[in-house]
Amino acid sequence: MPQPNINKMLKQVQQMQVDMAKAQEELKNEVVEASAGGGTVTVKITGGLELREVRIDPEAVDPEDVELLQDMVLAAVNEGLRAAQELASKKLGGITGGLGGPGGGLGLPGF
């Protein structure tokens, strides 16, 4: 079995760390939008998982049924978080996948 080139692996890891930091910073500026109740509640969440905006159609505000509105807000936020995590996974997965090998690369936890 050939010996791995440690210097080459270290350079790859260092470059991956730089690329990851850059991608994570870029994710903070990317925004996904999700909605519930047919667009009654809409949220915007960054790729850094920061909730930026919540919009609620005024017609959805029914004092007799606050629970429905709460459920729609919860559903919209959860969908937005899922979409933001998927965006992050795609962006960051391309970086770690570049090292090759099973599980993303070096056979080390987290890589």
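Data block above holds the structure.
Summarised in this report is the structure supplied together with it. Predicted model only: the values in this text are computed from it and were never measured. (Residues numbered from 1 in each chain as written. Predicted model: local features only at pLDDT ≥ 70, side-chain atom pairs only at ≥ 80, totals over all residues. Heavy atoms only, no water.)

## Some thoughts on a nonpolar patch on the surface
Reasoning step 1: Taken together, the side chains of L51, V54, I56 and V61 define a hydrophobic patch exposed on the protein surface, amounting to about 320 Å² of accessible area.
Reasoning step 2: Of the residues examined, L51 reaches a relative accessible area of 43% and is grouped as partly exposed. (Patch = residues over 30% accessible without salt bridge, like charges linked within 9 Å, V, L, I, M, F, W, Y side chains within 5 Å. Areas by Shrake-Rupley, 256 points an atom, 1.4 Å probe, with all protein chains shown as cover. Salt bridge = Lys/Arg side-chain N within 4 Å of Asp/Glu carboxyl O. Buried < 20%, exposed > 50% of the residue type's maximum accessible area, 1.4 Å probe, protein only.)

## Re the environment of Q17
Reasoning step 1: Following the sequence through the fold, Q17 ends up in helix α1 (residues 6-27).
Reasoning step 2: Measuring from C-alpha to C-alpha, the distance between Q17 and I95 comes to 9.0 Å, with 78 residues separating the pair along the chain. (Helix = DSSP H or I, 4+ residues; strand = E, 2+ residues; numbered from the N terminus.)

## With respect to the sheet that holds strand β2 (residues 41-46)
In a beta sheet, neighbouring strands pair by backbone hydrogen bonds and run either parallel or antiparallel.
Reasoning step 1: Within the open sheet, the three strands sit side by side as β1-β2-β3. Their pairing is antiparallel. A single partner strand is all that each edge strand has here, and the edge strands are β1 (31-36) and β3 (51-56). The average undirected angle you get between the axes of adjacent strands in this sheet is 15 degrees. (Pairing = 2+ DSSP bridges. Axes fitted to C-alpha atoms, helices over the stretch in contact; angles between N-to-C directions.)

## Some thoughts on unusual backbone geometry
Reasoning step 1: At L49, a residue that is not glycine, the phi angle is positive and equals roughly 65 degrees.
Reasoning step 2: For L49, the location among the structural elements is in the loop between β2 and β3.

## Here's the deal with the pairing of β2
Reasoning step 1: Counted residue by residue, β2 has five buried out of six residues, so it is predominantly covered.
Reasoning step 2: Of the pairings in the sheet, the one linking β1 to β2 comprises six bridges and is antiparallel in character. Bridge pairing links V31 to T46 in β2.
Reasoning step 3: What sits between the antiparallel neighbours β1 and β2 is a turn of four residues, in which G37 has the positive phi angle 65 degrees.
Reasoning step 4: Across five bridges, β2 lies against β3 in antiparallel orientation. Within the sheet, the bridge partner assigned to I45 lies in β3 and is L51.
Reasoning step 5: Taking the residues between adjacent antiparallel strands as the criterion, β2 and β3 are bridged by four residues, where L49 takes a positive phi near 65 degrees.

## Notes on the pattern of salt bridges
Reasoning step 1: Enumeration over the complete set of coordinates arrives at ten salt bridges.
Reasoning step 2: K28 is paired through a salt bridge with E25; the nearest N and O atoms lie 3.5 Å apart.
Reasoning step 3: Since its relative accessible area comes to 46%, E25 is described here as partly exposed.
Reasoning step 4: In this structure, R52 and E50 form a salt bridge, with 3.5 Å as the shortest nitrogen-oxygen distance.

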